[in-house]
Amino acid sequence: MIHPPTPAHSRRGGARPAILSALAITLVGAGFLVVVGLRGVSTPNPTPAPGPAGPPQASADSAKIDTLQNAAQELIRRGEVKQAEALLRGAIAEHLTEQRLYSQLGDLLASQRRSEEAYAIYEKALASAPGDADLEFAAGSAASAAGKLDRAEEHYQASMTKRPTDFRAPMFLAQVQMKLEHLDQAAANLLLAAKLNPDAAIVWGSLAEIALRQNKLSLAQQHAKKARELEPRVTVWRLIEARALKREGKPEAALDLLVGLDEAAKREPGVDLLQAECFGIMGRPADAAAVYLAKIKTDGADGLSTLQAAIWLEKAGDLAQAKDLAERAEMLAVPGAKELVARLGK
């Protein structure tokens, strides 16, 4: 997971680094969960549209709000986050309709993964005045993180309407729709995002994931390959393409995609499972066991890998080593280990 940096809060209409520059996309593939950070995604910083002329005291009030925001930002810069939050909450109590203060507090809460609280504050910000594309986007992201997917859809759609040339809103909307299993709608929004920014690998990777879920295997491979060409060091794109190849009955080709991975990439979620499945399809259980044996060699407390190694060793006919590892997995309280030990003890 990529953690957001200390937020550099903006005035209304500006970028929100806490939300926009460090968001992560979660792709749920068949049998594995991968978190992929946005790479190389620029955040537009549009010029705010001029608002209606206010009363004479508006400029003085605006200067006071600027001072409060700058003070909060300085506290954040010094790492005094609690003090910054207290300052902003006090400022909001004094200026109940000042959207900028709500937005800055929402950004601060979102940067601390306090998604429920952040969303509640963004809602108040939007209630105080119509929101711009960035505020709607931030509200959508907080709602999504808080599990309020229907609300996230609404905010991302509003962000799309307010800034139709920004690929991020349809892309993130598609992620929400994927969680809701609205795959056709998600694909349509991803194609729109691809048209707006064809160089965003996450868009093509998400399209590949949808195609894989819909069992459109050639299309999944095509999209995953595109994502891999754009971001060759991102393991998840290889995994999606390899899963499509495996499902198509091409386990050797799937393994070829994973052979060149470095040791860190091989430890990423889903890699070991996919390799073992391919070796299993090819009738090579000993090689499948070797995948997990390599993992527990570097981490002896990895109970799940220990159990998997035992299972594949049993299939390979190495019952003595399988029993030894099954007993170790049982000691590590891995579900299913006790049953395997009982079976191997016969």
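Residues numbered from 1 in each chain as written. Predicted model: local features only at pLDDT ≥ 70, side-chain atom pairs only at ≥ 80, totals over all residues. Heavy atoms only, no water.

1. Digging into the nonpolar core
In terms of nonpolar packing, the biggest core is built from 64 residues, with Tyr122, Met171, Val203 and Trp237 touching the most fellow members. Top contributing element to this core by residue count: helix H10 (residues 201-213), with nine residues. Core analysis: the next-biggest nonpolar cluster, separate from the first, contains 33 residues, Leu239, Val271, Ala289 and Leu325 among them. (Core = buried A, V, L, I, M, F, W, Y, C linked by side-chain atoms within 4.5 Å. Buried < 20%, exposed > 50% of the residue type's maximum accessible area, 1.4 Å probe, protein only. Helix = DSSP H or I, 4+ residues; strand = E, 2+ residues; numbered from the N terminus.)

2. Section: the pattern of salt bridges
Summed over the entire model, instances satisfying the criterion amount to 28 salt bridges. Note that Asp272 is salt-bridged to Lys295, the shortest N-O span being 2.7 Å. Taken together, the positions of Asp272 in helix H15 (residues 271-281) and Lys295 in helix H16 (residues 285-298) put the pair 23 residues apart, joining distant regions of the chain. For Asp272, a relative accessible area of 11% puts it in the buried group. For Lys295, a relative accessible area of 21% puts it in the partly exposed group. (Salt bridge = Lys/Arg side-chain N within 4 Å of Asp/Glu carboxyl O.)

3. Some words on helix H9 (residues 183-196)
With 14 residues, H9 extends 20 Å between its outermost C-alpha atoms, agreeing within 8% with the 20 Å of an ideal straight helix rising 1.5 Å per residue. For H9, the complete set of buried residues consists of Leu183, Ala186, Ala187, Asn189, Leu190, Ala193 and Ala194. Down the axis of H9, the smallest arc covering the buried residues is 165°, so these residues share one side. For H9, the exposed residues lying more than 90 degrees away from the buried face are Asp184 and Lys195. Those residues of H9 that are buried are in contact with helix H7 (149-162), helix H8 (168-179) and H10. (Expected span 1.5 Å × (residues − 1). Arc of directions from axis to C-beta. Contact = heavy atoms within 4.5 Å.)

4. Details of the packing of aromatic side chains
Counted under the stated rule, the structure contains three aromatic pairs. Taking the centre distance of 5.1 Å and the plane angle of 70° together, the rings of Phe137 and Phe172 count as edge-to-face. Here Phe172 lies in helix H8 and Phe137 lies in helix H6 (residues 133-145), a separation of 35 residues in the sequence. In terms of burial, Phe137 and Phe172 fall into one category: buried. Here Tyr156 and Phe172 contribute two aromatic rings whose centre-to-centre distance is 6.0 Å and whose plane-to-plane angle is 50°, an arrangement assigned as tilted. Of this pair, Tyr156 sits in helix H7 while Phe172 sits in helix H8, and the two are 16 residues apart along the sequence. (Phe/Tyr/Trp six-rings, centres within 6.5 Å; stacked < 30°, edge-to-face > 60°.)

5. A short note on unusual backbone geometry
Phi is positive for Arg113, which is not a glycine, with a value near 65°. Locating Arg113 in the fold gives a position in the loop between helix H4 (99-111) and helix H5 (115-128). Given a relative accessible area of 39%, Arg113 falls into the partly exposed group.

6. Topic: a negative patch on the surface
A surface patch of like charges, here negative, comprises Asp324, Glu327, Glu330 and Glu339. Among the elements that line the negative patch, the one with the most residues is helix H18 (residues 319-331), at three residues. Within the secondary structure layout, Glu327 lies in helix H18. By relative accessible area, Glu327 is classed as partly exposed at 34%. (Patch = residues over 30% accessible without salt bridge, like charges linked within 9 Å, V, L, I, M, F, W, Y side chains within 5 Å. Areas by Shrake-Rupley, 256 points an atom, 1.4 Å probe, with all protein chains shown as cover. Lys, Arg positive; Asp, Glu negative; His and termini not counted. Charge placed at Lys NZ, Arg CZ, Asp CG, Glu CD.)

7. Side note on the packing of helix H17 (residues 303-316) against H18
One can describe the packing of H17 onto H18 by two numbers: an axis separation of 8 Å at closest approach and a directional angle of 155°. With respect to their mutual orientation, H17 and H18 come out roughly antiparallel. The interaxial crossing formed by H17 with H18 has left-handed handedness. Listed contacts from H18 to Gly303, Thr306, Leu307, Ala309, Ala310, Leu313 and Glu314 of H17 are Leu319, Gln321, Ala322, Leu325, Ala326, Arg328 and Ala329. A class-by-class count of the residues in the contact of H17 with H18 yields nine nonpolar, three polar and two charged. (Axes fitted to C-alpha atoms, helices over the stretch in contact; angles between N-to-C directions. Parallel < 35°, antiparallel > 145°, perpendicular 65-115°, else oblique. Left-handed = near helix turned anticlockwise from the far one by under 90°. Nonpolar A, V, L, I, M, F, W, Y, C, P; charged D, E, K, R; others polar.)

8. A few points about the confidence of the model for the protein
In this model, the protein carries a mean pLDDT of 85, and residues with pLDDT of at least 70 account for 82%. Below pLDDT 50 for its whole length, residues 1-59 participates in 137 contacts with residues either more than four positions away or in separate chains. (pLDDT = per-residue confidence, 0-100.)

9. Examining helix H11 (residues 217-230)
Given 3.6 residues per turn, any residue in an α-helix points the same way as the ones three and four places further on. The terminal C-alpha atoms of H11 lie 20 Å apart, and with 14 residues this matches the ideal 20 Å at 1.5 Å per residue to within 8%. Among all positions in H11, only Leu217, Ala220, Gln221, His223, Ala224, Ala227 and Arg228 are buried. Of the surrounding elements, those touching the buried residues of H11 are H10, helix H12 (235-247) and helix H13 (251-259).

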